[in-house]
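# Descriptive structure summary
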Amino acid sequence: MADDPELQKLVDLILSAGKSGMSAYKVPNRQFVGSVLLDRVAADVAKQTMDVHKGDDYATMSGDYWTNRRGESVLNINLTGRNGSTFVTSSFPPKTQVKDATYIAGELYKGHDHIMKLDKAPIVGAIVTDNAPVMLAATNKLVDRNNVDAAGVNPHEATLHFTVLGCVLHHYSLLFKSLVALPTIADTIATATKVAVFFKKRANAAGVLEERQMQLYNKKTTPPIPGKTRPGSNQPTLDWFLENKAALRSTVVHSDWTAINWRDRPDIQINHSDVERLMLDSNWWKRLNTALKLLTPLFTMIKAADTDGPEYTAFVYNDMLDFTSHVKGIRDKTSDSEHFQLTVADTAKANNEVRNRWEALHHPIMSVAFVLNPKLGHTRDVLDEREVRDDLKKVFLSMGEDVAECFLMTNKFLDKEGPFAEDHIWSPTAFKVPVCHWWRVWAMETEVKGLRNVALRVLSTTCTSSASERNFSIWGFIHSKTRNRLYNHKLDKLVYVYQNMRILRKMKDPNYQEPYFEVELDSDSDSD
């Protein structure tokens with residue numbers, strides 16, 4: 001923007017004539033700023049944007065829908081690499097084609113082609129979308145168009161130019177939603193939400209609670225209210241109750257509480273006597289502990305997956321493996337006096353939900369990323385799983401590598417032999433870089449080339465569409481209630497400039513602090 005001739009003209013006038021120079025400068029009109037100047041700035045940002053992906057062998061394209069303030073659907077395209085995510089372009093499909101998978105697949109292809117034509121752009125190794133039915137149908141069409149030989153072949157087994165994935169974070173959220181619907185868990189969350197709302201809306205009750213918090217913890221906090229469309233938002237509410245257990249129990253027996261003149265409130269679904277009963281009910285707190293015991297590992301996975309980069313892909317398989325084992329043993333883990341033991345029926349349903357979700361989200365590259373992640377310290381035993389061996393073979397074939405040679409090098413990698421025998425490449429210092437860069441730096445020998453190519457591509461793949469989700473917030477910030485008549489082509493350019501200038505500033509100045517803004521969106525994504 002500093003190279004813009006209009007801005008430079010103004011700067012030169014001020015420097016040459018001081019304040020008097022301002023009178024010689026004609027301020028550009030609104031039309032000029034919103035068209036010519038915006039085009040110049042967008043073009044200037046475009047020249048620098050691909051510098052974000054410098055050093056990326058591969059990057060991941062993400063696409064997702066949301067609904068803007070005018071009720072129009074917007075499909076945004078983002079490109080994510082190790083340094084973050086850049087906004088590429090967007091499209092505004094007609095209402096008749098919003099749910100047309102063929103149309104969406106075509107738009108995603110256009111986004112892919114647009115990226116490939118950009119100067120210095122990395123190879124698009126994968127495309128990831130959310131898991132709304134129309135997006136899943138579109139990704140199936142992407143696989144078909146991406147493969148001339150895909151007819152009648154499992155998409156994961158076909159030879160792909162790029163990998164097509166559903167968003168892992170979205171899968172995790174759907175699994176969380178399924179688990180919080182278990183009768184034992186659902187009842188606990190429902191009552192916790194009612195109590196949280198009670199303290200939010202009853203100022204006198206909240207005042208007594210805050211006094212007890214200050215006496216016990218020397219700080220006061222308000223209960224977070226779970227969102228209606230975000231299942232994971234239940235976790236902070238449950239955590240708050242556990243953290244404030246002592247304060248809550250002492251609040252409902254305090255003299256200031258009993259002195260309150262309680263009046264019925266139609267907007268509050270629970271009365272003060274029920275709050276007292278629940279807070280003093282040891283069985284309710286046992287149910288709360290059980291809910292947290294079941295859900296906390298999954299919530300931790302959701303937070304880990306919610307990133308704009310490829311690092312988490314190498315941990316998906318491992319995390320799902322651990323969580324599957326965790327759920328299988330949940331009855332034993334909730335059999336002590338501090339928990340309410342999960343019922344046999346709920347346990348069976350929970351295991352079934354985890355199994356079904358894993359089948360839906362699993363992709364062969366997740367097994368490969370799991371095996372080739374040096375930070376997990378695997379031995380050759382990891383190949384004992386038939387699923388893992390089959391997935392390795394599929395990926396080696398799909399990427400055109402010699403299967404036997406890749407398996408041989410994989411065994412040497414796991415045994416830390418041959419080209420992987422040096423101690424220093426397994427040191428904590430060597431692990432300070434992202435896993436894909438570990439392979440770039442420490443696997444340079446010619447004999448490792450095939451496996452290295454696979455590792456770089458797989459470990460450079462981002463497995464979530466978080467970049468697109470975050471892009472919606474920027475759209476909502478720019479397309480505000482006071483600017484709701486902006487033309488779509490101007491919105492696209494403003495979002496492009498805002499998001500990409502922000503990440504460029506971060507790269508140039510590590511201490512750069514983003515300006516804070518809070519956005520209230522009228523509409524969520526169509527996929528919510």
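Residues numbered from 1 in each chain as written. Predicted model: local features only at pLDDT ≥ 70, side-chain atom pairs only at ≥ 80, totals over all residues. Heavy atoms only, no water.

### Concerning the overall build of the chain
Along its length, the chain carries 22 helices and five strands. A buried classification covers 49% of the 528 residues belonging to the chain. Put simply, 73% of the contacts in the chain that link residues at least 6 apart link residues at least 24 apart. Here the chain has roughly 25,600 Å² of accessible surface; of this, 52% comes from carbon and sulfur atoms. (Helix = DSSP H or I, 4+ residues; strand = E, 2+ residues; numbered from the N terminus. Buried < 20%, exposed > 50% of the residue type's maximum accessible area, 1.4 Å probe, protein only. Contact = heavy atoms within 4.5 Å. Areas by Shrake-Rupley, 256 points an atom, 1.4 Å probe, with all protein chains shown as cover.)

### What about the sheet that holds strand β5 (residues 163-166)?
Across the sheet, five strands lie side by side as β3-β2-β1-β4-β5; this open sheet has mixed pairing. With partners counted over all chains shown, the strands left at the sheet margins are β3 (84-91) and β5, one partner each. Sheet twist, expressed as the average angle between the axes of neighbouring strands with direction ignored, equals 25°. Taken together, the six bridges between strand β1 (residues 58-67) and strand β4 (residues 123-129) define a ladder with parallel strand orientation. In the sheet register, Tyr58 faces β4, and the bridge partner there is Ile123. (Pairing = 2+ DSSP bridges. Axes fitted to C-alpha atoms, helices over the stretch in contact; angles between N-to-C directions.)

### Some details on the nonpolar core
If you look at the biggest cluster of nonpolar residues, it comprises 95 residues, and the most contacted ones within it are Tyr172, Phe241, Met279 and Trp439. A total of 12 residues in this core trace back to one element, the largest contributor, which is helix α12 (residues 282-305). Those residues within four positions of Phe241 in sequence are excluded, and the remaining contacts are Ala192, Val195, Ala196, Leu248, Met279, Trp284, Trp285 and Leu288. With 25 residues, the next largest nonpolar core counts Leu79, Tyr109, Ala132 and Ala138 among its residues. (Core = buried A, V, L, I, M, F, W, Y, C linked by side-chain atoms within 4.5 Å.)

### Brief notes about the packing of aromatic side chains
On inspection of all chains with the given rule, the structure shows 26 aromatic pairs. A centroid spacing of 5.5 Å and a plane angle of 85° characterise the contact between Phe198 and Phe199, whose relative ring orientation is edge-to-face. Taking relative accessible area as the criterion, Phe199 reaches 3% and is therefore assigned buried. Members of the aromatic cluster, connected to one another through ring pairs, are Phe413, Phe420, Trp426, Phe431, Trp438 and Trp439. Over the aromatic face of Phe340 sits the side chain of Arg287, whose NZ or CZ is 4.0 Å from the ring centroid. Sitting over the face of the ring of Trp426, Lys416 holds its NZ or CZ atom 4.5 Å from the ring centroid. (Phe/Tyr/Trp six-rings, centres within 6.5 Å; stacked < 30°, edge-to-face > 60°. Lys NZ or Arg CZ within 6 Å of the ring centre and 35° of its normal.)

### Quick look at the side chain of Arg212
Examined against the element boundaries, Arg212 turns out to sit in helix α7 (residues 203-217). Buried charge without a salt bridge: Arg212, with Glu211 as the nearest opposite-charge side chain at an N-O distance of 6.9 Å. Discounting residues that sit within four places of it in the chain, Arg212 has contacts with Ala247, Ser250, Thr251 and His254. (Lys, Arg positive; Asp, Glu negative; His and termini not counted. Salt bridge = Lys/Arg side-chain N within 4 Å of Asp/Glu carboxyl O.)

### Thoughts on the pairing of β3
Regular strands have side chains that alternate between both faces of the sheet. The buried fraction of β3 amounts to seven of the eight residues, a majority that puts the element mostly inside the structure. Pairing of strand β2 (residues 73-81) with β3 involves seven bridges; the strand directions are antiparallel. Across the sheet, residue Leu75 finds its bridge partner in β3, namely Ser91.

### Some points on the confidence of the model for the chain
Predicted confidence across the chain gives a mean pLDDT of 84, with 88% of residues reaching 70 or more. When mean pLDDT is compared element by element in the chain, helix α9 (residues 245-251) scores highest at 96, while helix α1 (residues 5-17) scores lowest at 61. In the predicted structure, residues 148-160 sits below a pLDDT of 50 and forms 19 contacts with residues beyond four places in sequence or in another chain. Scored below 50 in pLDDT, residues 514-528 shows 34 contacts in the model against residues more than four places distant or in partner chains. (pLDDT = per-residue confidence, 0-100.)

### Concerning the environment of Pro419
Mapped onto the secondary structure, Pro419 falls in the loop between α18 (403-415) and α19 (435-442). Along the sequence, Pro419 and Glu445 sit 26 residues apart, while their C-alpha atoms lie 6.9 Å from each other.

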